[in-house]
Amino acid sequence: MGIHKVMVIGAGQMGSGIAQVCAQAGYEVTLNDVKPEFLERGLGVIIKNLSRDVEKGRKTEEEKAAILARLHTSLDLQDARDVDIVIEAAVENMDIKQSIFKQLDEIAPAHAILATNTSSLPITEIAAVTNRPEQVIGMHFMNPVPVMKLVEIIRGLATADEVYKAVEEMTVKLAKTPVEVNDFPGFISNRILLPMINEAIYALYEGVATKEAIDDVMKLGMNHPMGPLTLADFIGLDTCLYIMEILHEGLGDSKYRPCPLLRKYVAAGWLGKKSGRGFYVYE
């Protein structure tokens, strides 16, 4: 099951990063989104990343040009008709993802693998809307994609062994480390990370310590690169809440109950760095 041509759906932070690493690895890549301005923004981020690599001597101008030559943009899902794999990196919403996968199932060639970059939604449920559930798989990249080495590869209930193997080999070719995970809410990364963040929010909510103290304990005492409340702001508090709700609903355990303070901040529009304010204020 050879992979040569890749489509990435969604030109946001994750999708543009995935497109970049695929093009760097020698794949022909089509980056798809619904609006030209989204594609322009995503392509701009890729060019900025590559230019920085050239400035720092990690790539030559020729290598940058060759990578960009392998990148094509698309506003039409019909462009998936001749690819070997589609990696969907659209918004984290089951209805939207199922709608995309239904269309891809009709458009993409019979041999094509349909992968999703979901960080928490069930692969089996996404696969169920297709006629090829054995060819549906999760490829959960970490942010920022060009820097972070891990890819969680998530098997759905029906995912075939040869499909897993092909995706694992592709991940290695992308200079990433593949880790096999089964289809449970939050997989491994978010099942462990988000409850830690949620507990840090509870500690703030209950007045155990200030936000600065909580972050310093985890940075200086546990050697984390950033504190959990700062990290929550970077992830987006709405995203944190959404994943906690998926864990709470999917696993049915009260330990996954989202902290009321997290709900209050999201309701106030304090979503973290992207909105200018979360646990910290950003200029």
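Conventions adopted
- Residues numbered from 1 in each chain as written.
- Predicted model: local features only at pLDDT ≥ 70, side-chain atom pairs only at ≥ 80, totals over all residues.
- Heavy atoms only, no water.
- Buried < 20%, exposed > 50% of the residue type's maximum accessible area, 1.4 Å probe, protein only.
- Helix = DSSP H or I, 4+ residues; strand = E, 2+ residues; numbered from the N terminus.
- Pairing = 2+ DSSP bridges.
- Axes fitted to C-alpha atoms, helices over the stretch in contact; angles between N-to-C directions.
- Parallel < 35°, antiparallel > 145°, perpendicular 65-115°, else oblique.
- Contact = heavy atoms within 4.5 Å.
- Nonpolar A, V, L, I, M, F, W, Y, C, P; charged D, E, K, R; others polar.
- UniProt positions renumbered as here; feature names shortened; annotations may be inferred.
- Polar contact = N/O pair within 3.5 Å; in protein donor to acceptor, adjacent residues only side chain to side chain.
- Phe/Tyr/Trp six-rings, centres within 6.5 Å; stacked < 30°, edge-to-face > 60°.
- Lys NZ or Arg CZ within 6 Å of the ring centre and 35° of its normal.
- Domains from an automatic or database assignment.
- Salt bridge = Lys/Arg side-chain N within 4 Å of Asp/Glu carboxyl O.
- Left-handed = near helix turned anticlockwise from the far one by under 90°.
- Core = buried A, V, L, I, M, F, W, Y, C linked by side-chain atoms within 4.5 Å.

### Focus on the pairing of strand β7 (residues 150–155)
Burial analysis of β7 places five of its six residues in the buried class, the great majority of the element. Here β7 runs beside strand β8 (residues 177–182); their pairing, made up of six bridges, is parallel. Pairing of Ile154 across the sheet is with Val181, part of β8.

### Quick notes on the packing of helix α8 (residues 211–221) against helix α9 (residues 228–235)
Closest axis-to-axis distance for the α8/α9 pair is 7 Å, and the angle between their directions is 100°. Considering their axes alone, α8 and α9 lie roughly perpendicular with respect to each other. For the pair α8 and α9, the contacting residues are Lys211, Ile214, Asp215 and Met218 in the first and Pro228, Leu229 and Thr230 in the second. Looking at the contact of α8 with α9 residue by residue, the classes come out as four nonpolar, one polar and two charged.

### Focus: the UniProt feature "binding site: NAD(+)" (unreviewed entry) in the protein
Within the UniProt annotation, "binding site: NAD(+)" (unreviewed entry) is assigned to Gly10, Ala11, Gly12, Gln13, Met14, Gly15, Asp33, Glu92, Lys97, Ser119, Asn143 and Lys274. Across 265 residues of sequence, these annotated residues are also dispersed in space, with a maximum C-alpha separation of 23.1 Å. With respect to the element layout, Ala11 can be found in the loop between β1 (5–9) and α1 (13–24). What Ala11 contacts, discounting residues up to four positions off in sequence, is Ser16, Leu31, Asn32, Asp33, Phe38, Leu39 and Gly42. Structurally, Glu92 is set in the loop between β4 (85–88) and α4 (94–107).

### Let's talk about the UniProt feature "site: Important for catalytic activity" (unreviewed entry) in the protein
Taking the UniProt record as the reference, the feature "site: Important for catalytic activity" (unreviewed entry) is found at His140. Within the element layout of this structure, His140 appears in strand β6 (residues 136–141). For His140, a relative accessible area of 6% corresponds to the buried category. At 2.8 Å, the side chain of His140 forms a polar contact with the side chain of Glu152.

### Here's the deal with the packing of aromatic side chains
A complete count under the given rule lists four aromatic pairs for this structure. Taken together, Tyr265, Trp270 and Phe279 form an aromatic cluster joined through their ring pairs. Across from the ring centre of Trp270, 3.8 Å away, lies the NZ or CZ of Arg277, which sits over that ring.

### Brief notes about the domain arrangement of the protein
We note that the domain assignment places domain 1 (5–182) and domain 2 (189–274) within the protein. The gap between the C-alpha centroids of domain 1 and domain 2 is 28 Å. Counting residues at the interface gives nine residues for domain 1 and five residues for domain 2. Counting the contacts that link domain 1 with domain 2 gives zero salt bridges. The interface formed by domain 1 and domain 2 contains three residue pairs in polar contact (both at pLDDT 80 or more). When its residues are assigned to classes, the side of domain 1 that touches domain 2 shows three nonpolar, four polar and two charged.

### Structural notes on the sheet that holds strand β3 (residues 71–74)
The strand order β3-β2-β1-β4-β5-β6-β7-β8 describes an open sheet built from eight strands, whose pairing is mixed. Two strands close off the open sheet at either side, each with one partner strand: β3 and β8. Strand after strand, the sheet turns through a mean of 25° between neighbouring axes, direction not considered. As defined by bridge partners, β1 adjoins β4 across four bridges and the pair is classed as parallel.

### Brief notes about the pattern of salt bridges
Per the stated rule, a full pass over the model turns up 14 salt bridges. A salt bridge links Lys97 to Glu88; the nearest nitrogen and oxygen atoms lie 2.4 Å apart. Connected via shared salt-bridge partners are Asp53, Arg58 and Lys59.

### Re the packing of helix α2 (residues 36–55) against helix α3 (residues 61–69)
One can describe the packing of α2 onto α3 by two numbers: an axis separation of 9 Å at closest approach and a directional angle of 160°. Regarding the angle of α2 to α3, the classification is roughly antiparallel. Note that α2 runs across α3; the crossing there is right-handed. Every residue of α3 that contacts α2 at Ile46, Ile47, Leu50, Ser51 and Val54 is listed here: Glu61, Lys64, Ile67 and Leu68.

### Digging into the nonpolar core
Counting residues in hydrophobic clusters, the biggest one holds 37 residues, and the most contacted among them are Val6, Ile85, Ile87, Phe141 and Met170. At six residues, the largest contribution of residues to this core is made by α1.

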